[in-house]
Amino acid sequence: MVRYRWDGNIGHDDIYMVNADGTNGHWVRSEPSPWHLFDPTWSPDGSRLVLTVWWSPNWYLATMDVANANIQIISPGTGGFVGSRPAYNKADTKMVYVGPNYRTVEQINADGSGHKVLYTSASGAVDHPTFSPDGTKIAFEKGSIPGNTDIFVKNLSDGTAKRLTWSTAADRNATWSRDGSKIAFSSERSGTAQIWTMNSATGGSLLRITHTTTPERYPSWSP
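What comes next concerns the included structure. Each chain has its residues counted from 1, following the order in which its sequence is written. Reporting of local features is limited, given that this is a predicted model, to residues whose pLDDT is at least 70; pairs of side-chain atoms are given and counted only at 80 or more, and all residues count toward the totals for whole chains, interfaces and linings. To get the side-chain values, take all heavy atoms of the structure and skip hydrogens and water.

Points about the pairing of strand S8 (residues 84-88)
Logical step 1: Think of it in three bands: with a 1.4 Å probe and only protein chains considered, a residue is buried below 20% of the maximum accessible area for its type, exposed above 50%, and partly exposed in between. A run of H or I in DSSP becomes a helix once it reaches four residues, and a run of E becomes a strand once it reaches two; helices and strands are each numbered from the N terminus. Burial analysis of S8 places four of its five residues in the buried class, the great majority of the element.
Logical step 2: Inspection of the sheet shows S8 paired to strand S9 (residues 94-98) by three bridges, in the antiparallel sense. Paired with Ser-84 across the bridge in S9 is Val-98.
Logical step 3: Following DSSP output, two strands are said to pair if at least two bridges run between them. Counted between consecutive antiparallel strands, the loop separating S8 from S9 contains five residues, among which Asp-92 sits at a positive phi close to 65°.

Next comes the structure, spelled out in structure tokens:
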């Protein structure tokens with residue numbers, strides 16, 4: 001998780017870790033990070049995190065080795081890949097992320113090679129891309145006007161992109177079921193953000209699965 005951490009009179013967002021039962025809470029790095037660290041996502045084998053580093057004036061993609069807390073900027077040679085919201089595919093061979101202006105969904109190999117732009121938005125910001133379990137599709141959200149975002153899926157095999165939700169409210173935070181047949185997401189279509197599921201191919205079979213008066217966001221399917 002991300003937690004604010006003080007280093008004297010200077011504070012940064014840093015990475016904090018706990019066991020699943022809430023015990024053994026500790027900073028991954030023994031010393032405070034000199035940068036802001038965001039968006040941690042586990043590698044499939046659990047040995048490292050891919051995350052976003054704020055290294056003024058840009059956001060960069062980086063990996064953190066959980067055993068020794070070493071941070072490595074993912075670089076094509078000089079500088080680094082500018083972007084945020086990185087996530088691995090299940091095979092641990094590729095990463096998908098949002099480009100620097102929130103108008104592109106981009107992909108690189110896990111070693112930083114093979115960069116390509118998967119989707120470009122002519123209007124509206126894109127966010128929170130995630131691979132399907134078989135690695136053949138990417139789900140992401142796109143908003144055309146403030147407060148109105150929808151879930152899209154890009155098929156990497158044929159290059160087509162399909163809009164799955166058509167609400168006038170905010171639909172966000174897509175996450176795939178283990179078999180890839182469904183997507184869970186957060187939607188404000190009922191007035192308050194709640195968790196819904198739908199068919200990942202058509203957007204049909206909508207089912208609201210939380211019914212609370214408090215916002216519910218960032219769903220995640222069990223493996």
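Quick word on unusual backbone geometry
Logical step 1: Note the cis peptide between Ser-56 and Pro-57, where omega equals 15°.
Logical step 2: Relative to the elements of secondary structure, Pro-57 occurs in the loop between strand S5 (48-55) and strand S6 (58-65).
Logical step 3: Unusually for a residue other than glycine, Asp-92 sits at a positive phi of about 65°.
Logical step 4: Its location among the elements puts Asp-92 in the loop between S8 and S9.
Logical step 5: Note on Asp-92: relative accessible area 19%, which makes it buried.
Logical step 6: A positive phi is found at His-128, a non-glycine position, where the angle reads about 50°.
Logical step 7: In this structure, His-128 sits in strand S12 (residues 125-131).

Here we look at the sheet that holds S5
Logical step 1: Spatial ordering of the open sheet is given by S4-S5-S6-S7, a layout of four strands whose pairing is antiparallel. At either end of the open sheet lies a strand with only one pairing partner, and these are strand S4 (36-42) and strand S7 (71-73). Put simply, the sheet's adjacent strands are angled 30° from each other on average, direction ignored.
Logical step 2: Bridge count between S5 and S6: eight bridges; the pairing is antiparallel. Within the sheet, the bridge partner assigned to Val-53 lies in S6 and is Tyr-60. Lines fitted to the C-alpha atoms define the axes, with helices restricted to the stretch that makes contact. Angles between their N-to-C directions range from 0 to 180 degrees.

Structural notes on the pattern of salt bridges
Logical step 1: Salt bridges are identified by distance alone: a Lys or Arg side-chain nitrogen within 4 Å of an Asp or Glu carboxyl oxygen. Across all of its chains, the model carries nine salt bridges by this definition.
Logical step 2: Residue Asp-127 pairs with Arg-85 through a salt bridge whose shortest N-O separation is 2.8 Å. With a gap of 42 residues between them, Asp-127 in strand S12 and Arg-85 in strand S8 connect regions that are remote in the sequence.
Logical step 3: Across the pair Arg-189 and Asp-171 runs a salt bridge, and its minimum N-O distance is 2.8 Å. With Arg-189 in the loop between strand S17 (182-187) and strand S18 (194-199) and Asp-171 in strand S16 (residues 171-176), this residue pair connects regions lying 18 residues apart in the sequence.

Focus: the side chain of Arg-5
Logical step 1: Checked against the element boundaries, Arg-5 lands in strand S1 (residues 2-7).
Logical step 2: A relative accessible area of 9% means that Arg-5 is categorised as buried.
Logical step 3: Whenever two N or O atoms come within 3.5 Å, that pair is a polar contact, provided that in protein one can donate a hydrogen and the other can accept it, and provided that, for residues adjacent in sequence, both atoms are side-chain atoms. Within the local environment of Arg-5, its side chain forms a polar contact with the backbone oxygen of Arg-29, the two atoms lying 3.0 Å apart.
Logical step 4: A polar atom in the side chain of Arg-5 sits 3.4 Å from the backbone oxygen of Glu-31.
Logical step 5: When near neighbours in sequence (up to four residues on either side) are disregarded, Arg-5 contacts Ile-10, Gly-11, His-12, Asp-14, Trp-27, Arg-29, Ser-30, Glu-31 and Pro-32. The contact rule is simple, with two residues in contact once any of their heavy atoms fall within 4.5 Å.

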